[in-house]
Amino acid sequence: MDHHRLKQLLAEGLNNERRVTVLTGAGISAESGIPTFRGPEGYWTIGSRVYQPQEMATLQMFRKDPRSVWQWYLYRLGVCRQADPNPGHFALADMEHQLPGQFTLVTQNVDNLHRKAGQSSDSTYEIHGNIHWVRCAANCGQPIMPLPDPVSVKKRDEPISDDEWQSLHCPRCRHLLRPHVLWFDESYNEEHYRYESTLDAGRQTGLLIVVGTSGATNLPNQLVAEVYHRSGVIIDINIASNLFGKLAERYERGMVIRQPSGIALPQIAQQMTALLTSW
C-alpha cells in the first residue's frame, strides 16, 4: 500500500465537506467465513435436479416452490448467524463514529455483519436486504419483521416442519412470508432497498471506498458513476481485479489496494483519525 498516496487522497476526500460513502460486497463477508454461494456451497438439489443460486434466489422459483426456497434460505441464515464481524467491519463502524452525519455505508451483503459490528441502521443502506428479516409476500402492509420464533435455521437438506411452515405466514393477512432480500428477477426500489437514497448519497460523496465487490449489479455501478462524474475520490479495496478497480487505476483521483479488507480498512481508519485530529 502506498501510504503517502493514500494520505493525500483521504485528505482530498475529507477536506471538501462532502460525504464519505463506503460500498461493500461479498469480499468483506468472505473474510468472516461466509461463502459467496456461487461456489459448491450454493448449489441446491430439489428432487433429481441441481439448481444454481441464480435460479433459487428468484421470485419465479419462490412462486413455483416456496418451501424449497425457504429451506435454502434457512440454511443460508444458519451460516450467517454463525459468522462474526472481522476487523474490516469494525473499522467501518469506527469511521462512522468519527464522521457523525457525514458517513453512509451501502452494502450488498444480507448477512447483518455490519450492524453486528456496531454500524447504525440510519447510516446503513442494505440495498439487497437482510436475511435476518422477513416480510409479507403479498405486501399487505405488515411491517418487516424478524423470523418468527418457532422457525429454526436448517442444516443442508433438513426439512421444514409443518408447524414451522404455518409460522411462515403473515400474522396480518395469512399470506406467505418471504425473506427480506432482493432476488435476481426483481428491481431495486426505495421502500425496501434504499434506491433513491443511495443515488442521493453518491451525489453528495467526496470520498468513496469500494470494498470487495465486482460491480456485477446495477445500483452499485450507478453509485460509483455518480461519485466519478462529480470528481470524488475513489479507493477500491479488493484482492481480485474488478471493474471498479480498473476505473480507479486510470482515474487521477483513484487508488487500488490489493489487500484483504480486514488489513486495509483498519489502516485507512487510522489514517482518517490522524487527519481529522490534525485539522
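(A) Representation of the packing of helix 1 (residues 3-14) against helix 13 (residues 261-278) in the model. Taken N-terminus to C-terminus, the directions of helix 1 and helix 13 make an angle of 60°; their axes are 10 Å apart at the nearest point. As far as their axial angle goes, helix 13 and helix 1 are oblique. Helix-helix and strand crossings are classified by hand; for helix 1 and helix 13 the assignment is right-handed. Together, H3, L6, K7, L10, A11 and L14 of helix 1 and Q267, I268, Q271, M272 and L275 of helix 13 make up the contact between the two elements.

(B) Inspection of helix 10 (residues 195-203) at higher detail. Residues of helix 10 that are buried include every one of S197, T198, L199, A201 and G202, and no others. Against strand 1 (19-24), strand 4 (103-107), strand 5 (124-126), helix 9 (190-193), strand 9 (205-211) and helix 11 (218-229) lie the buried residues of helix 10.

(C) View of the sheet that holds strand 9. Spatially, the six strands line up as an open sheet ordered 5-4-1-9-10-11, and their pairing is parallel. Each edge of the open sheet is held by one strand with a lone partner, namely strand 5 and strand 11 (254-257). For this sheet, the mean inter-axis angle between neighbouring strands, taken without regard to orientation, is 15°. Pairing analysis gives five bridges linking strand 9 to strand 10 (residues 233-237), with the strands arranged parallel. Within strand 10, the residue paired with I209 across the bridge is I235. Sitting on the sheet, helix 11 touches strand 1, strand 4, strand 9 and strand 10, and the angle it makes with strand 9 is about 140°.

(D) Broad picture of helix 1. An ideal rise of 1.5 Å per residue puts 16 Å on 12 residues; helix 1 measures up with 16 Å between its terminal C-alpha atoms. Buried residues of helix 1: L6, L9, L10, G13 and L14, and no others. The buried residues of helix 1 occupy an angular sector of 125° when the element is viewed end-on, so they sit on one face. Next to the buried residues of helix 1 lie strand 1, strand 9, strand 10, strand 11 and helix 13. For helix 1, the side-chain oxygen to backbone nitrogen distance between the N-cap and H4 is 3.2 Å, and the N-cap itself is D2.

(E) Region of interest: the sheet that holds strand 6 (residues 129-136). Spatially, the three strands line up as an open sheet ordered 7-6-8, and their pairing is antiparallel. Either end of the sheet is taken by a strand with one partner, and the two such strands are strand 7 (145-146) and strand 8 (177-181). For strand 6 and strand 8, the ladder comprises four bridges, and the chain directions are antiparallel. If you follow C136 over to strand 8, its bridge partner there is L177. Where helix 5 (residues 66-82) meets the sheet, its contacts fall on strand 6 and strand 8, and the angle it forms with strand 6 comes to roughly 140°.

Cut-offs used in this document
- Residues numbered from 1 in each chain as written.
- Predicted model: local features only at pLDDT ≥ 70, side-chain atom pairs only at ≥ 80, totals over all residues.
- Heavy atoms only, no water.
- Axes fitted to C-alpha atoms, helices over the stretch in contact; angles between N-to-C directions.
- Helix = DSSP H or I, 4+ residues; strand = E, 2+ residues; numbered from the N terminus.
- Parallel < 35°, antiparallel > 145°, perpendicular 65-115°, else oblique.
- Left-handed = near helix turned anticlockwise from the far one by under 90°.
- Contact = heavy atoms within 4.5 Å.
- Buried < 20%, exposed > 50% of the residue type's maximum accessible area, 1.4 Å probe, protein only.
- Pairing = 2+ DSSP bridges.
- Expected span 1.5 Å × (residues − 1).
- Arc of directions from axis to C-beta.
- Polar contact = N/O pair within 3.5 Å; in protein donor to acceptor, adjacent residues only side chain to side chain.

Read these as spatial facts, not as claims about activity.
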